[in-house]
Amino acid sequence: MIILGSGYIGLALAQTAQAAGEPVAALTRNAARAAELRALGVPVVVADLAGSDWHLALDPAGVDIVNCVSPSSPGVEGYRHSFLTGHASVRTWLEKSLARTGKLARSVTFTSSTTVYPQTDGGWVDENTPFQLSALGPGGAVLREAEEEWLALSPKLSQRAWVLRLAGLYGPGRHHLLDALRAGEKSFPGDENHWVNLLHRDDATAAICACIAARLEIAGGIFNAGDNEPVRKGDLVGWLAQRLGQDPAALSFNSAKNSRATHRRTASGVIPDRKISSARLQKTLNWVPLYPSFREGYESCLS
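Residues numbered from 1 in each chain as written. Predicted model: local features only at pLDDT ≥ 70, side-chain atom pairs only at ≥ 80, totals over all residues. Heavy atoms only, no water.

**Quick word on the overall build of the protein chain**
So, point 1. Along the protein chain, the regular secondary structure elements total 9 helices and 15 strands.
So, point 2. When burial is assessed residue by residue, the protein chain has 51% of its 303 residues classed as buried.
So, point 3. Restricting the contact set of the protein chain to residue pairs at least 6 apart, pairs at least 24 apart contribute 78%.
So, point 4. For the protein chain, the exposed surface amounts to about 13400 Å²; the carbon and sulfur share of it is 51%.
So, point 5. Of the side-chain charges in the protein chain, 30 are positive and 29 negative, and the distance between the mean point of each set is 2 Å. (Helix = DSSP H or I, 4+ residues; strand = E, 2+ residues; numbered from the N terminus. Buried < 20%, exposed > 50% of the residue type's maximum accessible area, 1.4 Å probe, protein only. Contact = heavy atoms within 4.5 Å. Areas by Shrake-Rupley, 256 points an atom, 1.4 Å probe, with all protein chains shown as cover. Lys, Arg positive; Asp, Glu negative; His and termini not counted. Charge placed at Lys NZ, Arg CZ, Asp CG, Glu CD.)

Below is the structure:
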C-alpha cells in the first residue's frame, strides 16, 4: 500500500497496515508526521502531492494507492491545489509507471467528503440522491471535480477506483467539541437543530481497507461512509455536556460563528443540513461500523 497524504486518517491507516504485516509506504508534506511514520518503520517521502519530485521515489505498479491528502491551505485555492493539481500529478505518476513497467496500479482510493451533498432540508441522502451542481459551495464543487478525475483513473491506469465520501471525522486526538466543553465553552457555532454526520477514525480506516479487500467482481465506485445515527448538533453537545457533568441548559448556539466555514456552505451561502446514508457501503462491502453512533465513539474517547 502507498498512502498519499498521511494526516489524521493516513497515519492511522499506516498503523493498521503495519499491525497486519502489510508493506506500506507513505508520502506527506509534513516533516513532523514523517518522523512519526519513520518511527513506525514506514518508508516516507516528504513532498507536496501536487509536485512531481516524488514520482520516482514511489512505485505504484501492482500496488494499492490511497489518497488521504487534505487541503494545503484554508479556502478554495487550497482545495484546488491538493485535489485538482494533486490528482493531475497522480495521473502523470501512474502513466510514467505504466510506461516503465507495463503494470497497472492494483487499486486507487480517494477519501472525499460528504461536503459534496448540498441538501438543506434535513432529509436522508445517499449516493444516488440527485442535486444541482450549481448548488454546491466552492469546496464541494472542487471535490466533485476531483472525484470524477479520480474515478477516471480506472481502467486505463488502475484495475479499479474508489471514492469514499467520509462524514465528519473524530476519534483519538480529534474531538474538538469535548475539548471546548472541557475548556468551559458555553456558546457553540451552528444551528442546534442541524443534523451532524459523524465517522470515527477507526471506522474510516476500516472502510478504506474494505475497498481494497473487496471481491474482484466489484468494480469500485462512490460510497458514503458514516455511522448509523446522524444526530442533531444540540443533542450531541448536550449529551457530551452531561457525560462531563455539565448542565446542557447552560449552552447556546450561534449560527453567525460559522462564517469561516466557507468550504461547507452551499452556493446560496447556507450550511448543508442532511442525514447521510452509508447503506450502500454496508451492503456491498460488508462494512459495519465499530462505533454505530456518536455514543459508542465518544465513550471510547472519554475512556
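**Looking at the state of the cysteines**
So, point 1. As enumerated under the stated definition, the model contains 0 disulfides in all.
So, point 2. With no disulfide of its own, Cys68 lies 10 Å from the sulfur of Cys209, the closest cysteine sulfur.
So, point 3. Lacking any disulfide linkage, Cys301 is separated from the closest cysteine sulfur, that of Cys68, by 19 Å.
So, point 4. Judged by its relative accessible area of 18%, Cys301 falls in the buried class. (Disulfide = S-S within 2.5 Å.)

**Structural notes on the pairing of strand E5 (residues 107-113)**
So, point 1. With 7 of 7 residues buried, E5 is to be regarded as a mostly interior element.
So, point 2. In this region the chain leaves strand E4 (residues 64-67), passes through helix H3 (residues 76-101) and returns to the parallel neighbour E5; the handedness of that crossover is right-handed. (Right-handed = clockwise from strand over helix to strand, strands pointing away.)

**Section: the packing of helix H1 (residues 8-19) against helix H6 (residues 201-212)**
So, point 1. Where H1 contacts H6, the two axes come as close as 9 Å, and the packing angle between them is 65°. Classified by the angle their axes make, H1 and H6 are roughly perpendicular. Once H1 is placed against H6, the crossing between them reads as right-handed. Within the contact between the two elements, H1 uses Tyr8, Ile9, Ala12, Leu13 and Thr16 and H6 uses Arg201, Ala204, Thr205, Ile208 and Cys209. (Axes fitted to C-alpha atoms, helices over the stretch in contact; angles between N-to-C directions. Parallel < 35°, antiparallel > 145°, perpendicular 65-115°, else oblique. Left-handed = near helix turned anticlockwise from the far one by under 90°.)

**Side note on the side chain of His55**
So, point 1. Relative to the elements of secondary structure, His55 occurs in the loop between strand E3 (44-46) and E4.
So, point 2. Look at His55 and you get buried, because its relative accessible area is 4%.
So, point 3. Among the polar contacts listed, one links the side chain of His55 to the side chain of Ser89, at a separation of 2.9 Å. (Polar contact = N/O pair within 3.5 Å; in protein donor to acceptor, adjacent residues only side chain to side chain.)

**With respect to the side chain of Ser89**
So, point 1. Here Ser89 lies in helix H3.
So, point 2. Every residue in contact with Ser89, bar those within four places of it in the chain, is listed here: Leu49, Ala50, Gly51, Trp54 and His55.

**Overview of the sheet that holds E4**
So, point 1. Read from one edge to the other, the open sheet built from 7 strands follows the order E3-E2-E1-E4-E5-E7-E12, with strand pairing classed as parallel. Each of the sheet's edge strands pairs with one partner strand only, and the pair in question is E3 and strand E12 (220-225). Mean inter-strand twist for the sheet, computed between neighbouring axes without regard to direction, equals 15°.
So, point 2. Bridge count for strand E2 (residues 25-28) against E3 is 3 bridges, and the pairing is parallel. Note that in E3 the partner of Ala26 across the bridge is Val44. (Pairing = 2+ DSSP bridges.)

**Some remarks on helix H9 (residues 294-302)**
So, point 1. Taken residue by residue, H9 has Phe294, Gly297, Tyr298 and Cys301 as its buried positions. End-on, the buried residues of H9 take up no more than an arc of 90°, which puts them together on one face.
So, point 2. Looking at the buried positions of H9, the neighbouring elements they touch are strand E8 (168-170), helix H5 (176-182), strand E11 (198-200), strand E13 (231-232) and helix H7 (233-243). (Arc of directions from axis to C-beta.)

**Describing the nonpolar core**
So, point 1. In terms of nonpolar packing, the biggest core is built from 34 residues, with Leu4, Trp54, Leu58 and Trp93 touching the most fellow members.
So, point 2. At 6 residues, the largest contribution of residues to this core is made by H3.
So, point 3. Not counting the four nearest positions on each side in its chain, Trp54 is found in contact with Leu4, Leu27, Val45, Ala47, Asp48, Leu49, Ser89 and Trp93.
So, point 4. Core analysis: the next-biggest nonpolar cluster, separate from the first, contains 33 residues, Ile3, Cys211, Ala225 and Leu285 among them. (Core = buried A, V, L, I, M, F, W, Y, C linked by side-chain atoms within 4.5 Å.)

**Section: the packing of H7 against H9**
Helix packing for two helices is described by the angle between their axes and how far apart those axes are.
So, point 1. At their nearest, the axes of H7 and H9 sit 12 Å apart, and the two run at 35° to each other. Classified by chirality, the crossing of H9 by H7 is right-handed. Across the interface between the two elements, Leu236, Trp239, Leu240 and Arg243 of H7 pack against Phe294, Arg295, Tyr298, Glu299 and Leu302 of H9.
So, point 2. For the contact of H7 with H9, the class distribution of residues is 6 nonpolar, no polar and 3 charged. (Nonpolar A, V, L, I, M, F, W, Y, C, P; charged D, E, K, R; others polar.)

**Section: the packing of aromatic side chains**
So, point 1. Per the counting criterion, the structure on display carries 9 aromatic pairs.
So, point 2. Aromatic side chains Tyr79 and Phe83 sit 5.5 Å apart centroid to centroid with 75° between the ring planes, which places their arrangement in the edge-to-face category. Of this pair, Tyr79 and Phe83 both sit in helix H3, 4 residues apart, roughly one helical turn.
So, point 3. Above the plane of the ring of Phe223 lies Arg280, whose end atom (NZ or CZ) is 4.2 Å from the centre. (Phe/Tyr/Trp six-rings, centres within 6.5 Å; stacked < 30°, edge-to-face > 60°. Lys NZ or Arg CZ within 6 Å of the ring centre and 35° of its normal.)

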